[in-house]
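# Inside the fold
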Amino acid sequence: MTLPALHNTSVLYRRILSQFPQDISLAFAYGSGVFKQHGTSQGQMEKNMLDFVFAVDDPVTWHTMNLLQNRKHYSILKLLGPTVISSIQNDHGASVYYNTLVPVDGRIIKYGVISTDSLIDDLIHWKTMYVAGRLHKPVGIQIGLESRKLRAALVANLKSAVTASFLMLPESFTEEDLFLQIAGLSYAGDFRMVIGEDKSKVANIVKDNIQHFRILYSNILRDCPQVVYKPHQGKLEVDKSPEGQFTQLMALPRTLQQRITKLVDPPGKNRDVEEILLQVAQDPDCGTVVQQGLWKTVSYSSKKLMKMWKGGRRKPSVSQMS
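First, a word on what this report is: a plain description of the structure on this page. In this text the structure is predicted, and so the values were computed from the model without any measurement.

A separate point is unusual backbone geometry. Apart from glycine, the bulk of residues carry a negative phi angle, and the bulk of peptide bonds sit in the trans form. You will see that aspartate 105, though not glycine, has its phi angle at about 55°, which is positive. Here aspartate 105 is to be found in the loop between strand 3 (96–104) and strand 4 (107–115). Aspartate 105 sits in the partly exposed class, given a relative accessible area of 32%. Within the chain, tryptophan 126 stands out as a residue other than glycine whose phi angle is a positive 55°. Here tryptophan 126 shows up in the loop between helix 5 (116–125) and helix 6 (130–134).

Put into structure tokens, the structure is as follows:
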């Protein structure tokens, strides 16, 4: 299956990326500076920070080159050198190192650097869901997709988002219901949705970008045997039988399965994952259990990131971390 990517070849983005070391396996732009959100004017959008993530095969080498080209982008950590920066990137938070509030070509940007291996791991297993969650929503892919392994992981992440959403939705629902559920996955358990975040954020992301979500997900929905997809009516019907839900639970990313297992299995019983998921599939509150598992995953990475930011030069605003 080919990846339904939203390529954005804006000259501005190309100019910005040209100022960084070019050994990047994937680069994408995301957030309110890239895709219009409901209630935001074009003028406001052009003033918003541009958010990027760069996946690189060798973080130490990439940071070495970037410190030579863009030393001012880094906090005081630059004094510790690229090896320490890469260690902080890999061992803390969500395996992403961010430089924020960087002026480039008349815009303010923030960019995160993640190793290609860590990105693929998050896409497939949802270890933190930090970058995987951003890729559930429309993004502008600038560089990448040459790697077959990376392309497969990107598609797997989209399929997982659909499967998790099916489990939390009723038997019949609309496209918009599905896209709202998908867009909200990475906010479940995020402290920002409790403290200081716009509660309508998810709806604002989806409302003006329905067509972009369709581009991402229509092929997956057409090919999925668990759902009846009626694109011309914008309606879907999913298999909510215990057998259907068990199939969906078994297809979830490994970390989410493990979170669900810990929620359901009493201490000391140590049943295998398949046995526990079979039990959950027959539970009328199956969707709630999945939602709680997501909450555990997102809240864990969210808290880790906040601890990491507290030790840095600047604490990010909500828009910087979105």
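Burial within strand 5 (residues 140–144) is extensive, with four of its five residues counted as buried. Both strand 1 (residues 26–30) and strand 5 contribute to a ladder of four bridges, which runs antiparallel. Opposite alanine 27, over in strand 5, you have isoleucine 143 as the bridge partner.

The next subject is the sheet that holds strand 3. Sheet strands pair by backbone hydrogen bonding; their relative direction is either parallel or antiparallel. Taking strand neighbours across the sheet as the criterion, the five strands line up as 3-4-2-1-5 in an open arrangement whose pairing is mixed. Of all strands in the sheet, those bounded by a partner on one side alone are strand 3 and strand 5. If you compare each strand with its neighbour and ignore which way they point, the axes differ by 20° on average. Both strand 2 (residues 50–56) and strand 4 contribute to a ladder of seven bridges, which runs parallel. Counterpart to aspartate 51 in the pairing with strand 4 is lysine 110.

With that out of the way, let us pick up the side chain of aspartate 51. Residue placement: aspartate 51 occurs in strand 2. The buried category is assigned to aspartate 51, whose relative accessible area is 3%. Side chain to side chain, aspartate 51 and lysine 110 meet in a polar contact 3.3 Å long.

So, on to the pattern of salt bridges. Under the definition given, this model contains six salt bridges. Notably, a salt bridge pairs aspartate 51 with lysine 110, separated by 3.3 Å at the nearest N-O pair. Of the two residues, aspartate 51 sits in strand 2 while lysine 110 sits in strand 4, which places them 59 residues apart along the sequence. Comparing aspartate 51 with lysine 110, the two get one shared label, buried. The partner of arginine 271 in a salt bridge is aspartate 265, and the shortest N-O contact between them spans 2.9 Å. Neither residue differs from the other here; arginine 271 and aspartate 265 are each classed as buried. One network of salt bridges, with partners in common, ties together Asp265, Arg271 and Glu275.

Moving on, we come to the nonpolar core. With 68 residues, the main nonpolar core has Tyr217 and Leu249 as its most contacted residues. The contacts of tyrosine 217, once residues within four sequence positions are left out, are His136, Leu158, Ala161, Val162, Phe179 and Ile182. Counting 23 residues, the second-largest nonpolar core is a separate cluster that includes Leu50, Val102, Ile109 and Val113.

Rules used throughout
- Position numbers for residues start from 1 in each chain and track the written sequence from start to end.
- The predicted nature of this model means local features are confined to residues of pLDDT at least 70 and side-chain atom pairs, given and counted, to a pLDDT of 80 or more, with totals for whole chains, interfaces and linings taken over all residues.
- Note that the side-chain values use all heavy atoms of the structure and ignore hydrogens as well as water.
- The numbering of helices and of strands both runs from the N terminus, where a helix is a DSSP run of H or I of at least 4 residues and a strand a run of E of at least 2.
- Buried, partly exposed and exposed residues are distinguished by accessible area as a fraction of the type maximum, computed with a 1.4 Å probe on protein chains only: under 20%, between the cut-offs, and over 50%, respectively.
- The pairing criterion for strands is at least two bridges between them, as found by DSSP.
- Every angle, taken between N-to-C directions, lies between 0 and 180 degrees, and every axis is a line fitted to C-alpha atoms, over only the stretch in contact when it is a helix.
- Within 3.5 Å is the distance limit for a polar contact, defined as a pair of N or O atoms, with the added protein rule that one can donate a hydrogen and the other accept it, and that residues adjacent in sequence qualify only through two side-chain atoms.
- A side-chain nitrogen of Lys or Arg and a carboxyl oxygen of Asp or Glu constitute a salt bridge if their distance falls within 4 Å.
- Put simply, a nonpolar core is a bunch of buried Ala, Val, Leu, Ile, Met, Phe, Trp, Tyr and Cys residues held in one set by side-chain atoms that sit within 4.5 Å of each other.
- Every residue pair with non-hydrogen atoms within 4.5 Å of one another is taken to be in contact.

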